[in-house]
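Each chain, letter by letter, is given below.
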Amino acid sequence: MATEQQEHLKIEQLRQHSADEIETIAGREKENLEGWIPSLATDTEIREALEKAFDYRGDITITLKDGAKVEGYLFDRRSGSSLKDSFARVLPTNDRTKVNVAYSDIAALAFSGRDAAAGKTFEAWVKKYWEKKAAGEKNIQIEPEKLD
Amino acid sequence: MAVPVSQAWTVASYVLKQKIKGRKRYPLVLMLEPLFRCNLACAGCGKIQYPAHILKSDLSPEECFRAVEECGAPMVSIPGGEPLLHPKMPEIVAGLVARNKYVYMCTNALLLKEKLHLFKPSKYLSFSVHVDGEREHHDFSVCREGGYDIAMEGIRAAVAAGFRVTTNTTLFDGADPNSVRRHFDQLMAAGVESMMVSPGYTYDKAPDQNHFLGKAKSRRLFRAILSNRKKTWQFNTHPLFSEFLMGKRNFECTPWGMPTFSIFGWQKPCYLLQDGYADTFQELMETTEWENYGAKSGNPRCANCMVHSGHEASAVDYNFSSLKGFLVTASKYMFPSTYPDPDAQKLLNEWKPEHATPLVQIQSSASDNELQTVSGD
Ligand code: SF4
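These lines cover the structure that appears in this document, whether it is placed above or below. (Residues numbered from 1 in each chain as written. Chains lettered and ligands numbered in written order. Predicted model: local features only at pLDDT ≥ 70, side-chain atom pairs only at ≥ 80, totals over all residues. Heavy atoms only, no water.)

Topic: the sheet that holds strand S4 (residues 125–130) of chain B
All names here are of chain B. Pairing is mixed in the open sheet, where nine strands are placed in the order S6-S5-S4-S3-S2-S1-S7-S8-S9. In this open sheet, the two strands that pair with only one neighbour each are strand S6 (194–199) and strand S9 (274–278). The mean inter-strand angle of the sheet, taken between neighbouring strand axes irrespective of direction, is 25 degrees. The sheet contacts of helix H8 (residues 177–189) involve strand S5 (164–171) and S6, and relative to S6 the element is tilted by about 155 degrees. (Pairing = 2+ DSSP bridges. Helix = DSSP H or I, 4+ residues; strand = E, 2+ residues; numbered from the N terminus. Axes fitted to C-alpha atoms, helices over the stretch in contact; angles between N-to-C directions. Contact = heavy atoms within 4.5 Å.)

A few points about the interface of chain A and chain B
Between chain A and chain B, the contact holds 53 residues from the first and 59 residues from the second. Carbon and sulfur atoms make up 53% of the area that chain A and chain B hide from each other, which totals about 4700 Å². Our enumeration of links across chain A and chain B arrives at eight salt bridges. At the junction of chain A with chain B, the criterion picks out 26 residue pairs in polar contact (both at pLDDT 80 or more). (Buried area = accessible area lost by both parts, 1.4 Å probe. Salt bridge = Lys/Arg side-chain N within 4 Å of Asp/Glu carboxyl O. Polar contact = N/O pair within 3.5 Å; in protein donor to acceptor, adjacent residues only side chain to side chain.)

Here we look at the nonpolar core
Core analysis: the biggest nonpolar cluster contains 105 residues, and Leu28(B) and Phe264(B) have the highest contact counts within it. It is helix H7 (residues 147–160) of chain B that provides the largest number of residues to this core, a total of six residues. Leave out the neighbours within four places in its chain, and Phe264(B) touches Tyr73(A), Phe75(A), Leu91(A), Lys98(A), Phe36(B), Tyr50(B), Ile54(B) and Tyr277(B). In terms of nonpolar packing, the next biggest core, distinct from the first, is built from 21 residues, Ile46(A), Ala53(A), Val101(A) and Leu109(A) among them. (Core = buried A, V, L, I, M, F, W, Y, C linked by side-chain atoms within 4.5 Å. Buried < 20%, exposed > 50% of the residue type's maximum accessible area, 1.4 Å probe, protein only.)

So, the pairing of strand S8 (residues 265–269) of chain B
Residue and element names in this part refer to chain B. Counting buried positions over the five residues of S8 gives five, a clear majority of the element. Pairing between strand S7 (residues 260–262) and S8: two bridges, direction antiparallel. Bridge pairing links Phe261 to Trp266 in S8. What sits between the antiparallel neighbours S7 and S8 is a turn of two residues. As defined by bridge partners, S8 adjoins S9 across three bridges and the pair is classed as antiparallel. Paired with Pro269 across the strands is Gln274, a residue of S9. The antiparallel pairing of S8 with S9 creates a hairpin that spans four residues between the two strands.

So, the sheet that holds strand S5 (residues 106–110) of chain A
Strand pairing within a sheet occurs via backbone hydrogen bonds; the two strands may be parallel or antiparallel. Residue and element names in this part refer to chain A. Within the open sheet, the five strands sit side by side as S4-S3-S2-S1-S5. Their pairing is antiparallel. Both edges of this open sheet fall to strand S4 (99–102) and S5, since each of them pairs with a single strand only. Each neighbouring strand pair of the sheet contributes to a mean axis angle of 45 degrees, computed without reference to strand direction. Bridge count for strand S1 (residues 60–64) against S5 is four bridges, and the pairing is antiparallel. Considered in S5, the bridge of Thr61 is made with Ala110. Against the sheet, helix H2 (residues 43–55) contacts S1, strand S2 (69–78), strand S3 (87–92) and S5, and its axis sits at roughly 95 degrees relative to S2.

Thoughts on the packing of aromatic side chains
Taken as a whole, this structure holds 27 aromatic pairs over all chains when the rule is applied. Centre to centre, the rings of Tyr129(A) and Trp130(A) are 5.1 Å apart; their planes meet at 85 degrees, and the pair counts as edge-to-face. Residue classification places Tyr129(A) among the buried residues on the basis of a relative accessible area of 9%. On the basis of an interplanar angle of 90 degrees and a centroid distance of 5.5 Å, the ring pair of Phe119(B) and Phe127(B) is categorised as edge-to-face. Each member of the pair, Phe119(B) as well as Phe127(B), carries the same accessibility label: buried. Among the aromatic side chains, those forming a connected cluster through ring pairs are Tyr73(A), Phe75(A), Phe36(B), Tyr50(B), Phe264(B) and Tyr277(B). Stacked on the ring of Trp256(B), the Lys or Arg Arg25(B) has its end atom at 4.8 Å from the ring centre. The ring centre of Tyr271(B) lies 4.0 Å from the NZ or CZ of Lys47(B), which sits over that ring. (Phe/Tyr/Trp six-rings, centres within 6.5 Å; stacked < 30°, edge-to-face > 60°. Lys NZ or Arg CZ within 6 Å of the ring centre and 35° of its normal.)

Quick notes on H7(B)
Residue and element names in this part refer to chain B. A rise of 1.5 Å per residue sets the reference length of H7, with its 14 residues, at 20 Å; its end C-alpha atoms lie 20 Å apart and thus fit the reference within 8%. Residues of H7 that are buried include every one of Gly147, Tyr148, Ala151, Met152, Gly154, Ile155, Ala157 and Ala158, and no others. For H7, the secondary structure elements touched by its buried residues are helix H5 (112–115), S4, helix H6 (135–141), S5 and H8. At the exit of H7 stands Gly162, carrying a positive phi of roughly 90 degrees. (Expected span 1.5 Å × (residues − 1).)

A short note on a nonpolar patch on the surface
Residues and elements named next belong to chain B. On the surface, Leu323, Phe326 and Leu327 cluster together into a nonpolar patch covering about 330 Å² of accessible area. As for its position among the elements, Phe326 is in helix H13 (residues 323–334). For Phe326, a relative accessible area of 42% gives the class partly exposed. (Patch = residues over 30% accessible without salt bridge, like charges linked within 9 Å, V, L, I, M, F, W, Y side chains within 5 Å. Areas by Shrake-Rupley, 256 points an atom, 1.4 Å probe, with all protein chains shown as cover.)

Thoughts on the packing of helix H3 (residues 61–71) of chain B against helix H4 (residues 89–98) of chain B
Residue and element names in this part refer to chain B. One way to put it is that H3 packs onto H4 with a least axis distance of 9 Å and a crossing angle of 30 degrees. The orientation of H3 relative to H4 falls into the category roughly parallel. Between H3 and H4 the crossing geometry is right-handed. Contacts between H3 and H4 pair Pro61, Glu62, Cys64, Phe65 and Val68 from the former with Glu91, Ile92, Gly95 and Leu96 from the latter. Partitioning the contact of H3 with H4 into residue classes produces six nonpolar, one polar and two charged. (Parallel < 35°, antiparallel > 145°, perpendicular 65-115°, else oblique. Left-handed = near helix turned anticlockwise from the far one by under 90°. Nonpolar A, V, L, I, M, F, W, Y, C, P; charged D, E, K, R; others polar.)

Some points on the environment of Glu283(B)
If you trace the backbone, Glu283(B) turns up in helix H11 (residues 281–287). For Glu283(B), a relative accessible area of 22% gives the class partly exposed. Residues Glu283(B) and Trp266(B), spaced 17 residues apart in sequence, show a C-alpha to C-alpha distance of 8.6 Å. Every residue in contact with Glu283(B), bar those within four places of it in the chain, is listed here: Arg78(A), Tyr277(B), Ala278(B) and Thr288(B). One polar contact links Glu283(B) to Arg78(A), side chain to side chain, over a distance of 3.1 Å.

Put into structure tokens, the structure is as follows:
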């Protein structure tokens, strides 16, 4: 779920124009979250941080109040009326079994993994393409990342 | 007819059954994503941006079959990632064909030629090859020079081996309608059964956040492309969805029409937006707040969306919702129109690239000054 802040360019644009008349729709602002350790002092901060973790394209590390750690990809969150019935859902780094963590059990959260979306803008590709072209390179491409 | 009669009949009788049962929401196509890894790294794709352990995960054939049975849709589309990288894809496809599901296996075709022998031609199986335009446009959009030639080679090999082959073209801001029309000629000449074309979308997780079409421009672009169409062009999209793209009619979104299943579960609410996951199909249908999606909802993320996965099911539902809908659709199939439109031709003749980005410096294979004429043949 993109936050209002992330969507604000589009929301601003839609305030001025009807969606049916818009020629080119605004994108969203991407936050640099890699390495971030949010403060979880209030319920609102906890909820906002987990909303951002849900949007984040890297692994996160959750430290539980009992000291245990859950590291993996936060693929979903379910927001209930209290922190006790709100859950972060994680696919751990070394397992395909989904883990549910109650918000109320979370002591700390870190955006510990590399952001897989960072630096991969279309503009970056265009720039790289023309630089390589100018240098006379052939078979220009972006290679998928090695997984091993 | 752009799809075999048996397929059209299966879909029609399925939809009628849903209507008779009084089901307000029913799925038409399951979007099955058995993996996210890919052998391309397109700048327009957010599907591959995950940590390595996610990219290395696959759905097992059993998980795929369970999802297909839970959902019950008569058609299964297999996007990804690149499905041909899944070690058990032939087994998955064979299992779906054995269940009489019409399968569209979406592929960039880089591996198609070498893996063809692992599949058997069937009326239930179509390779849906992603080709985003003429050579330079496709290569640029998939961020790999030479990708077009390999894909076209894959298409020709699959056609020659007796497979059903369809294509899928996604257009972003900066698309040139004249080039897209030439692209259609090239695809039909290569022997494809039918083509699909759809606008790109301000996909939340896509790395390219600045080249998305708004609705006004989408309609103009599709009017230029799809009016005055050649009789040789075959499309596998619903004729009313094509009219929706051209701005001739409006449809609200039907996000449950093409539900998505992946290693995360059932995606809420649609193929594009990720607002969470349900563990079962029933949970997806019952717990998604559907009223929060679609243009009418005011959700800014749905504001400019005209994509096939959200709106084609609306066109199909319209057929079966009233006698008028049925008659309109039947006439479109029986007497297909070429949509003659002199203003659209003018639009096409006068179309100028609008952005000063390097993207529009890509030269098409035909001369830039060579304007396409309408033959309507
Ligand atoms: S309009 Fe429909 S298909 Fe498009 S993003 Fe919204 S819910 Fe998804």
